[in-house]
Amino acid sequence: MAERGSGRPDPGVAADAQWARDRRAEREAARRHRARRGQAVAALSTVLVLGTLTALIVTSPGWDDVQEAFFNPDDFVDIFPDVLSAFWLDIRIFMVVEVVVLVLGLMVAIARMAKAPALFPVRILAVVYTDVFRGVPTILLIFLVGFGIPALDLSGLPTEPIILGGIALALSYGAYVAEVYRAGLRSIHPGQREAALSVGLTEGQALRHVVLPQAVRRVGPPLLNDFIALQKDVALISILGVAGEAFRVAQIEAQTNFNYTPLLAAALLYLCITIPLARVLDWWDSPERAR
Amino acid sequence: MASMPVIEIRGVTKSFGDREVLRGVDLAIAEHEAVALIGASGSGKSTLLRCVDLLEDIDDGDIFLDGEVITDPSVDAVGVRRRLGVVFQAYNLFPHLNVIENVTLGRVRAGGVGQAEAEEQAIGVLARFGLEGREKERPDNLSGGQQQRVAIARAFAARPRAMLLDEVTSALDPELVGEVLRAVRDLREEGVTMLIATHEMGFAREVADRVGFLHEGRLLEISPPRELLENPSEPETKRFLRRLLEAGRA
């Protein structure tokens, strides 16, 4: 290479710089070309797959009947306000049950992890609870609680289907959420508890101020996942004949008109809640958010 | 009569399952004294420190703090721990709290100090260890050396009767060791009674009044640093020091 710093620009240096610029331009062009090609391929394959699926459905022998039974625009417009107002009840049930689930799950998780010998029965109870209520199908649990508790004929116990359904959902989801909390609590390094004890905190304070805040932060995404599932499963309590619940309303309408469009309307409403929740979950779980 | 030791360890044994980690350790640490424990990994240094802070139950023997037995089952462990400060090898800072909250948590919740007073104290203690202006940072945003200095500040904030330092530089990159050792030297000048488990021979020599060699759960010898490091009497100590020398660590 030529010596630098002499007054006149060195032709060799200038040629090198030109060559480097050319190489950079070449690489950038190749990169743009690859990106354009990738987009074209993605677009083409999307059109192809969706087109084939649509064609398959639309040309099916029963398509006309299905269209009439599920996608009737007049019925949809007619029924939508009713289903929408019923859906508000679903949301309220969901919110109340969710709060109960969060508290119940946390209590069960802490009970399961209690080490004191005096708390042995509490621990066993918590284990049995999570095993049983996680192992029974939610719909079965709703039947058992919804029809079993009133059949006991004990005074003081609730008989309202909506309350009983809520209790059954809370019991079922409480078991799942307890396990989520427990996984979170166990994921906190024992050194955290020890450090908390070493600065003079009691076991309870160490749990409350050091271990629990970290565990709850860590299990946010899986908890939200259970929220989404619970939000949908509120529809299950319709089997107890809860009046005014969205799925129930849609079902009745569907049966009276021999048309399933109301069910589609209800499905859309559930999606209006669950899809945004899913996006929140994606955001929460994304690596970018972790900074 | 000589004044009462701050920490006295008498015949302490500790096993994890079949593995005997401490096989009868005796050690007394006087007020303002710094004792360093050296020995191979697994020799029982950390376990001994953890036993003193009652993070482990001992099997046999007794430990006294200011003449009171603390290893009796009836003793309130929380009260004992409030009189001791521990610095861990892996810092164990609270990652969900910022620097100043790490220091004040114990002061407010355990020390019965008001929030404002605890914060004022914490600012002073953090500044003393070169952490002024870092009060609102999360531990994750600090270097290992800074994190360990926060941990030292956290342990020192309550002005404990004694501090237990467990391999406080072992998790650090070599260029960060110096700043943490300076912080410990500062504690030493303050006259803090200390029990230190360490791998840093130079540090043990400089900061400790006495250095003890722990081998397979026994304290084989303990003497002033010069004597132990330059003229050990036990063959095991000689072997250990020779191995360190060969590895370039002495």
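The residue count restarts for each chain, going from 1 along the sequence in the order it is written. Written order decides the labels, with chains lettered from A and ligands numbered from 1. Whole-chain, interface and lining totals are the exception, using all residues; otherwise, since this is a predicted model, local features are given only for residues with pLDDT of at least 70 and side-chain atom pairs are given and counted only at 80 or more. Hydrogen atoms and water are omitted, and side-chain values are computed over all heavy atoms in the structure.

Right, let's get into the overall build of chain B. Each helix and strand counted, chain B has nine helices and ten strands in total. Taken over the C-alpha atoms alone, chain B extends approximately 55 × 45 × 40 Å along its principal axes. Accessibility here uses a 1.4 Å probe with only protein chains present; expressed as a share of the type maximum, an area under 20% marks a residue as buried, one over 50% as exposed, and anything in between as partly exposed. Expressed as a percentage of its 250 residues, the buried residues of chain B come to 53%. Note on contacts: a residue pair is in contact if any heavy atoms of the two residues lie within 4.5 Å. Considering only contacts within chain B whose residues lie at least 6 apart along the sequence, 65% involve residues at least 24 apart. Just so you have it, chain B exposes about 11000 Å², and 45% of that area is on carbon and sulfur atoms. Charged residues are defined here as Lys and Arg on the positive side and Asp and Glu on the negative side; His and the ends of the chain fall outside this count. Here the site of a charge means atom NZ of a Lys, CZ of an Arg, CG of an Asp or CD of a Glu. Across chain B, the mean location of the 31 positive side-chain charges is 2 Å away from that of the 42 negative side-chain charges. Numbering of helices and strands runs from the N terminus, with a helix taken as a DSSP run of H or I at least four residues long and a strand as a DSSP run of E at least two residues long. The Shrake-Rupley method, run with a 1.4 Å probe, gives the accessible areas here. Residue values count only the displayed protein chains as cover.

What follows concerns the pairing of strand β1 (residues 7-16) of chain B. Residues and elements named next belong to chain B. Think of it this way: DSSP has to see at least two bridges between two strands before they count as a pair. For β1 and strand β2 (residues 19-29), the ladder comprises eight bridges, and the chain directions are antiparallel. Bridging from a neighbouring strand, F16 pairs with R19 of β2. Here β1 folds back onto β2, and the loop between the two strands holds two residues, one of which, G17, carries a positive phi near 65°. With five bridges connecting them, β1 and strand β4 (residues 60-65) associate as antiparallel partners. Each residue of the ladder has a partner; that of E8, found in β4, is F64.

It is worth spelling out the confidence of the model for chain B at this point. Values of pLDDT, the confidence the predictor places in each residue, fall between 0 and 100. Across chain B, the average pLDDT comes to 93, with 98% of residues at 70 or higher. As a predicted assembly, this complex carries a pTM of 0.80 together with an ipTM value of 0.94.

Looking now at the sheet that holds strand β6 (residues 84-87) of chain B. Residue and element names in this part refer to chain B. The strand order β6-β7-β8-β3-β9-β10 describes an open sheet built from six strands, whose pairing is mixed. Since the sheet does not close on itself, it has two edges, and those belong to β6 and β10 (218-223), each with one partner. Sheet twist, expressed as the average angle between the axes of neighbouring strands with direction ignored, equals 20°. As defined by bridge partners, β6 adjoins strand β7 (residues 162-166) across four bridges and the pair is classed as parallel. Every angle, taken between N-to-C directions, lies between 0 and 180 degrees, and every axis is a line fitted to C-alpha atoms, over only the stretch in contact when it is a helix.

This part is about the sheet that holds β1(B). All names here are of chain B. Ordered in space as β2-β1-β4-β5, the four strands form an open sheet in which the pairing is antiparallel. Both edges of this open sheet fall to β2 and β5 (68-69), since each of them pairs with a single strand only. When β4 meets β5, the two strands line up antiparallel, connected through two bridges. Each bridged residue has a counterpart across the sheet, and for L65 the counterpart in β5 is E68. Most of the contacts of helix α1 (residues 45-52) go to β1, to which it runs at about 115°, and overall it touches β1, β2 and β4.

This part is about the interface of chain B and chain A. Contacts between the two partners involve 20 residues from chain B and, on the opposite side, 17 residues from chain A. Of the roughly 1600 Å² buried at the junction of chain B and chain A (both faces included), carbon and sulfur atoms supply 60%. Accessible area that two parts lose when put together, evaluated with a 1.4 Å probe and summed over both, is termed the buried area. Broken down residue by residue, the surface that chain B buries against chain A is led by B:F94, B:H96 and B:R109, which jointly contribute 33%. The salt bridge criterion pairs a side-chain nitrogen of Lys or Arg with a carboxyl oxygen of Asp or Glu, the two atoms within 4 Å. Joining chain B to chain A, the criterion identifies one salt bridge. A salt bridge links A:E194 to B:R50; the shortest N-O distance between them is 2.7 Å. Polar contacts, as used here, are pairs of N or O atoms within 3.5 Å; protein pairs need one atom able to donate a hydrogen and one able to accept it. Residues neighboring in sequence count only if both atoms are side-chain atoms. Our count for the contact surface shared by chain B and chain A stands at seven residue pairs in polar contact (both at pLDDT 80 or more). Of all the elements in the fold, those that place two or more residues in the side of chain B that touches chain A are α2 (77-81), β6 and α3 (99-109) of chain B.

The next thing to look at is the environment of B:V180. Residues and elements named next belong to chain B. For V180, the position within the fold is in helix α6 (residues 174-190). Taking the C-alpha atoms as reference points, V180 and Q148, separated by 32 residues in sequence, lie 6.8 Å from one another. Discounting residues that sit within four places of it in the chain, V180 has contacts with G145, Q148, R149, I152, V168, T169 and L172.

Here we take up a negative patch on the surface. Residues and elements named next belong to chain A. A cluster of acidic residues, D64, D65, E68, D74, D78 and D82, forms a negative patch on the protein surface. Tracing the chain through its elements places D78 in helix α3 (residues 73-113). Its relative accessible area of 61% is what places D78 among the exposed residues. Patch members must show over 30% relative accessible area and no salt bridge, and they are joined within 9 Å when carrying like charges or within 5 Å when they are nonpolar side chains of Val, Leu, Ile, Met, Phe, Trp or Tyr.

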